[in-house]
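# An overview of the molecular structure
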Amino acid sequence: MSHPNPHSSYVHVVPLWVLCAVFAALLVFTALTVAATWFDLGGWNLILAMAIATVKAALVALYFMHLRYDNPFNALVFVAALVFVALFISLTLLDTLQYQPDIRSWQQAHPAD
Amino acid sequence: MSNLSPPEAHENSEHSAFLAHHFESHKQQFAAGKLGMWIFLLTEILLFGGVFCAYAVYRSNHPEIFEWAHRFLDKFLGAINTTVLIASSFTMAWAVRAAQKNQTRLCTVLLAVTLLGGCGFLGIKFVEYKSKWEEGLMVAHYFKPTPEALEHIKHLEADTAHLKSKPEEIPRNAGIFFSIYFCMTGLHGLHVIAGMSAIGWVLVRSAKGQFSSAYFGPVDYVGLYWHLVDLIWIYLFPLLYLIH
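Chains are numbered independently. Their residues run from 1 in the order of the written sequence. Labels are handed out in written order, letters beginning with A for the chains and numbers beginning with 1 for the ligands. Given that this is a predicted model, residues contribute local features only at a pLDDT of at least 70 and side-chain atom pairs are listed and counted only at 80 or more, while totals for whole chains, interfaces and linings are drawn from all residues. Hydrogens are left out, water is left out, and the side-chain values use all remaining heavy atoms of the structure.

Bringing the overall build of chain A into the picture now. Within chain A, the regular secondary structure consists of 4 helices and 0 strands. Our radius of gyration is a C-alpha quantity, and the globule rule it is checked against amounts to 2.2 Å times the number of residues to the power 0.38. The C-alpha radius of gyration of chain A comes to 22 Å, more than 25% above the 13 Å expected for a compact globule of 113 residues. Along the longest, intermediate and shortest principal axes, the C-alpha atoms of chain A span 80 × 35 × 25 Å. Classification of the 113 residues of chain A by burial places 35% in the buried group. Residue contacts are defined here by distance: any two heavy atoms, one from each residue, within 4.5 Å place the two residues in contact. Look at the contacts in chain A between residues 6 or more apart in sequence, and 49% of them connect residues 24 or more apart. Note on areas: Shrake-Rupley, 1.4 Å probe, and residue coverage restricted to the protein chains presented here. Accessible surface for chain A amounts to roughly 6,900 Å². Of this, 73% is attributable to carbon and sulfur atoms. Helix and strand assignments follow DSSP, with helices taken as H or I runs no shorter than four residues and strands as E runs no shorter than two, numbered in order from the N terminus. Three labels apply to residues, based on accessible area from a 1.4 Å probe with only protein chains included: buried if under 20% of the type maximum, exposed if over 50%, partly exposed otherwise in between.

In structure tokens, the structure reads:
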């Protein structure tokens, strides 16, 4: 980035209209995710809700958190965190789903009071 | 030092009180600080990963508990709180921009508005927690809904007619939902308080006129933290309040 004068910023300054547009989009997606619960889409309701949340999260990360304009290494740190959380959750789920049948048969043998 | 470009030479000649000795320029100091902040945010994401993991395990194994118990949460208050947090994230991002452009007064005002947003969020959260306490909607085996609370969810039928569970049939271990609800929103609430403290700190420094287009790092780092708090709530809202 060039420095026309010493008082200009050495980072990308996000234009105000971009911040306003992202804010408006986040409000629209919030309304959408609430409205989506009025429709019965079966298992797709959860997937749709998570897809909308992910679009909102991406807008926050890219524009409010500057990742779109930043050193890509910072984005790599962020994505690495998400990858490890995904690994953590999926491996734990594999394990707990494995012994659910035992829990169910125990619960059937010991009905709640 | 003759190979330095004019702006960096200019910065060095200022001997800014806010440029640490071991950095060559404000730009280098900012880049280092920002990477440090992102690594801290990585540890925060992993911390929240723990509660999200608990949620995933219990919801996949006991969907009926989540479907039945989420009726006790107030969708309207949840949506209002989401909006409040998104608005405060917007004013925070704007405050960073103002600091970068030497708009010191605007930056101070926007930080104050962001802090107010945090207060609003916690205020609404307090109202929600208080009603959960009064209705006996507590964690694990302390989950003892009052007759009024059980009566209340029967009258939500218009909203919940599609749900497979019946309001009057309390599923086994229903308290698990509120254990997870209080862990997730409680941990998030603590982060809101921490974020508000950090915003208060940069607010005071901004009011003292310490930030400029050369030195605005702390506003930016605190902003990143506040946006992460917003980002986590963006997932908590549909996962807890909008179960279908």
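What follows deals with helix α2 (residues 44–64) of chain A. The span one expects for a helix is its residue count, reduced by one, times 1.5 Å. Here α2 of chain A spans 29 Å end to end across 21 residues, near enough to the 30 Å set by a 1.5 Å rise per residue. For α2 of chain A, every residue scored as buried is listed here: N45, A49, I52, A53, K56, A57, L59, V60, A61, Y63 and F64 of chain A.

Let us look at the interface of chain B and chain A. With 59 residues of chain B in contact, the opposing surface of chain A contributes 59 residues. What gets called buried area is simply the loss in accessible area from a 1.4 Å probe that two parts show on being joined, summed for both. Note on chain B versus chain A: buried area summed over both sides is about 5,000 Å², and carbon and sulfur give 73% of it. The rule for a salt bridge is simple: a side-chain nitrogen of Lys or Arg has to be within 4 Å of a carboxyl oxygen of Asp or Glu. At the surface where chain B touches chain A, the tally comes to 1 salt bridge. Notably, a salt bridge pairs K34 of chain B with D70 of chain A, separated by 3.5 Å at the nearest N-O pair. Within the residue set of the side of chain B that touches chain A, elements represented by two or more residues are α1 (6–14), α2 (26–61), α4 (75–100) and α9 (217–241) of chain B. Residues of the side of chain B that touches chain A, tallied by class, amount to 32 nonpolar, 17 polar and 10 charged. Each residue receives one of three labels: charged for Asp, Glu, Lys and Arg, nonpolar for Ala, Val, Leu, Ile, Met, Phe, Trp, Tyr, Cys and Pro, and polar for the others, Gly being one of them.

We now examine the packing of aromatic side chains. Residue and element names in this part refer to chain B. Pairing of aromatic rings covers Phe, Tyr and the six-membered ring of Trp, with a centre-to-centre limit of 6.5 Å; geometry is then stacked below 30 degrees between planes, edge-to-face above 60, and tilted otherwise. The full count for this structure, using the stated rule, is 28 aromatic pairs over all chains. Judged by centre distance (6.0 Å) and plane angle (10°), the rings of F40 and Y225 are stacked. Note that F40 is positioned in helix α2 and Y225 in helix α9, a separation of 185 residues in sequence. According to the relative accessible area criterion, F40 is partly exposed, its value standing at 37%. For the pair F177 and F178, a centre-to-centre distance of 5.2 Å together with 85° between the ring planes defines the contact as edge-to-face. Both residues of the pair, F177 and F178, count as buried.

Right, let's talk about the environment of R105 of chain B for a bit. Note that R105 of chain B resides in helix α5 (residues 104–134). Measuring from C-alpha to C-alpha, the distance between R105 of chain B and A95 of chain B comes to 9.9 Å, with 10 residues separating the pair along the chain.

Here we take up the domain arrangement of chain A. Residue and element names in this part refer to chain A. Domains assigned within chain A are domain 1 (1–70) and domain 2 (71–113). Tallying the contact residues gives 4 residues for domain 1 and 5 residues for domain 2. Here domain 1 and domain 2 share an interface that buries about 350 Å² over both sides, 66% of which is from carbon and sulfur atoms. One can count 0 salt bridges joining domain 1 with domain 2. Think of a polar contact as two N or O atoms within 3.5 Å of one another; within protein, one of them needs to be a possible hydrogen donor and the other a possible acceptor, and neighboring residues in sequence only count if both atoms come from side chains. Seen at the junction of domain 1 and domain 2, the total is 1 residue pair in polar contact (both at pLDDT 80 or more). Tallied by class, the residues present in the side of domain 1 that touches domain 2 amount to 3 nonpolar, no polar and 1 charged. These domain limits were set by an automatic method or by a database of domain assignments.

Residue and element names in this part refer to chain B. A positive phi angle is found at N102, which is not glycine, with a value near 65°. Among the residues examined, N102 registers a relative accessible area of 38% and is labelled partly exposed. One non-glycine residue, N173, lies in the positive phi region at around 55°. Mapped onto the secondary structure, N173 falls in the loop between α7 (157–160) and α8 (175–207).

On to the pattern of salt bridges. Side-chain pairs of opposite charge can arise where the charged atoms are in close proximity. For the coordinates displayed, the defined rule picks out 5 salt bridges over all chains. Across the salt bridge formed by D220 of chain B and K34 of chain B, the nearest N and O atoms sit 3.4 Å from each other. Residue D220 of chain B is located in helix α9, and its partner K34 of chain B is located in helix α2; the two are separated by 186 residues in the primary sequence. For D220 of chain B, a relative accessible area of 2% translates into the label buried. Looking at K34 of chain B, the relative accessible area reads 3%, which means it is buried. It is possible to trace a salt-bridge network through shared partners that takes in D70 of chain A together with K34 and D220 of chain B.

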